[in-house]
Amino acid sequence: MAATTPARRVAIVGTGHRAQTFTEAFSRRPHLHVAALCDTNPVRIAHHNDLLAAAGRPKATAYAAEDFERLLRTEAIDEVLVTTVDALHDHYIVPALEHGARVVTEKPMTVDAERCARILETVRRTGNSLSVAFNYRFNPVHERVRRLLAEGAVGEVLSVHFEWLLDVRHGADYFRRWHRDKANSGGLMVHKSSHHFDLVNWWLGARPEQVFGYGRLAFYGREAGERTGYRRDYERAHGARAAADDPFAVHLEDNEALRSLYLRAEAEDGYLRDRNVFGDGITIEDDMALLVRYSTGATMTYHLTAYSPWEGYRVMFNGTRGRLELQVEESLWQPPRSRVSSAKGAVHGDTALANAGGHRVTVHPLWQPPHEVPVTGFDHAGHGGGDARMLDALYGPADPDTPADTGDAAGLRANEIDGALALAAGLAANRSFATGRPVDIADVVRV
């Protein structure tokens, strides 16, 4: 009788809503055992233990955040997943790598140059593995675009125009929660746009070299809310009469997961998940425009809008043999008041958004009529189908007898260098916003 390989012991640090995707995925993989959960808040840890119990898996041992290094030693951890507040990623990545664990971190890898340098140095010194969970690479539409460009569908790419629109439900959510403080998240140029900067680096097979941009808080915040008339007078939505019919508010009591993860957990740490998006203390931008030059000589114009009536993105590649256009409509419009229906309590990414539209990849060759390129496997839920494919590529399929659709897994997985280069563009953008000058990537992050 063949010996059974012991399950790899996993620790999850940071047990907010995004971590639920991983907790549930690990519970479906018998070769993985969630041995420990680590967070500042025991109520959120209990929520994740309930997820494990519901899947028929044993509950994990709970650890406070300050006990993470003891967790690594005591639990003989093989794998660490980091899904904490972005500014704290390095606090856990570095000791986990030094312990010898394989580490996967949610994007962005971190939020500033000093933390990035510390992570890169630790990877070099230990020789251990760090992956960044850039799930957008695993979206079948994005993988198809990469193959088309690599095959020369439009020749040498000379310029890119990239417009990303966050609608007034999803976009507003960054201004309700911890992301509203740039010290925690690096702003949307780091937290959200790292996805997009990584995609362009990956699509072009290039590194960013210089960034110039403008960014401002134009729509959210007290001043803008008073100017437009959107502001209601409350600090947080729960229990506030003024928020009852505010289309910009999220109501935690409407969803069991949001109640469990946040409303019931407030007494432990005072964290409010439902702040007024037109309130005080917001230090991130909601409207950002960039010009980026790459190592191949290509340039990109990029715009992120966090207050759009519809959600989605357009990317156009201009090349020596034609033009490739990608358009994805994740939501054509949002109703003013709707309950969050996701079982995970997520506002975006788990389930398809209301009024989802289509997706289209079109190639316009020189001297020939345009043609659409069919793409199979796209799903508006799970970040375009990328979550499931990424989990299979990083952790293996739930059923080892069923081949997983992970595409070119080796070419899709992102390492610490990819994480640093995606971060670098966002950090350079933030510096350019502050100085009004172009910023060289080499002056921000050295890779």
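Residues numbered from 1 in each chain as written. Predicted model: local features only at pLDDT ≥ 70, side-chain atom pairs only at ≥ 80, totals over all residues. Heavy atoms only, no water.

**Q** Run through the overall build of the protein chain, naming residues and quoting values.
**A** Each helix and strand counted, the protein chain has 17 helices and 16 strands in total. Over its C-alpha atoms the protein chain spans a radius of gyration of 22 Å, differing by no more than 12% from the 22 Å that the globule rule assigns to 447 residues. Overall, the protein chain is about 65 × 65 × 40 Å in size when its C-alpha atoms are taken along their principal axes. Relative to its full complement of 447 residues, the protein chain shows a buried share of 58%. Of the contacts formed within the protein chain by residues at least 6 apart in sequence, a portion of 74% connects residues at least 24 apart. Surface exposure of the protein chain reaches about 18100 Å², of which carbon and sulfur atoms provide 50%. Distance from the positive charge centre (51 side chains) to the negative charge centre (59 side chains) of the protein chain: 1 Å. (Helix = DSSP H or I, 4+ residues; strand = E, 2+ residues; numbered from the N terminus. Rg over C-alpha atoms; globule rule 2.2 N^0.38 Å. Buried < 20%, exposed > 50% of the residue type's maximum accessible area, 1.4 Å probe, protein only. Contact = heavy atoms within 4.5 Å. Areas by Shrake-Rupley, 256 points an atom, 1.4 Å probe, with all protein chains shown as cover. Lys, Arg positive; Asp, Glu negative; His and termini not counted. Charge placed at Lys NZ, Arg CZ, Asp CG, Glu CD.)

**Q** Which residues make up the pairing of strand β10 (residues 299-308), and what values go with them?
**A** The pairing of strand β7 (residues 157-167) with β10 spans 8 bridges and is classified as parallel. Each residue of the ladder has a partner; that of Trp164, found in β10, is Leu304. Pairing geometry for strand β9 (residues 287-294) and β10, over 7 bridges, is antiparallel. Counterpart to Leu291 in the pairing with β10 is Thr301. The turn joining β9 and β10, which pair antiparallel and follow one another in sequence, is formed by 4 residues; a positive phi near 95° is taken by Gly297. (Pairing = 2+ DSSP bridges.)

**Q** Requested: an account of the environment of Asp86, with residues and values cited.
**A** Mapped onto the elements, Asp86 comes out in the loop between β4 (79-82) and α4 (89-99). In this structure, the C-alpha to C-alpha distance between Asp86 and Arg231, residues 145 residues apart in sequence, is 28 Å. Those residues in contact with Asp86 that sit more than four places away from it in its chain are Lys107, Pro108, Thr110, Val111, Trp178, Asn184, Ser185 and His191. Polar contacts involving the side chain of Asp86 include one to the side chain of His191, which spans 2.6 Å. (Polar contact = N/O pair within 3.5 Å; in protein donor to acceptor, adjacent residues only side chain to side chain.)

**Q** Lay out helix α12 (residues 256-263) with the relevant residues and their values.
**A** Across the 8 residues of α12, 6 count as buried, placing the element largely inside the fold. Residues of α12 that are buried include every one of Ala257, Leu258, Ser260, Leu261, Tyr262 and Leu263, and no others. By the N-cap criterion, in which a side-chain oxygen at the helix start approaches the backbone nitrogen of a residue two or three places on, α12 is capped by Asn255, the distance to Ala257 being 2.9 Å.

**Q** Which residues make up the pairing of strand β13 (residues 359-365), and what are the values?
**A** The side chains of a regular strand alternate, first on one face of the sheet and then on the other. Here strand β12 (residues 322-331) runs beside β13; their pairing, made up of 7 bridges, is antiparallel. For Leu324, the partnering residue across the bridge sits in β13 and is Val363. When β13 meets strand β14 (residues 371-372), the two strands line up antiparallel, connected through 2 bridges. Residue Thr362 lies in a different strand from β14, and its bridge partner there is Glu372.

**Q** Mind laying out helix α17 (residues 416-435), listing which residues take part and the relevant values?
**A** Taking 1.5 Å as the rise per residue, α17 with 20 residues should run 28 Å; its terminal C-alpha atoms sit 28 Å apart, in good agreement. With 15 of its 20 residues buried, α17 lies for the most part within the structure. Trailing α17 by a residue or two, Gly436 shows a phi angle of about 75°, which is positive. (Expected span 1.5 Å × (residues − 1).)

**Q** Tell me about the pattern of salt bridges, and please be specific about residues and values.
**A** One pass over the full model with this rule turns up 35 salt bridges. Members of the salt-bridge network, linked through shared partners, are Arg222, Glu226, Arg231, Asp233 and Asp280. (Salt bridge = Lys/Arg side-chain N within 4 Å of Asp/Glu carboxyl O.)

**Q** Before we move on, could you go through the UniProt feature "domain: Gfo/Idh/MocA-like oxidoreductase N-terminal" (unreviewed entry) in the protein chain and cite the residues and values that matter?
**A** As recorded in UniProt, the feature "domain: Gfo/Idh/MocA-like oxidoreductase N-terminal" (unreviewed entry) lies at residues 9-134. Note that residues 9-134 is 44% helix and 24% strand, and that its end C-alpha atoms are spaced 23 Å apart. (UniProt positions renumbered as here; feature names shortened; annotations may be inferred.)

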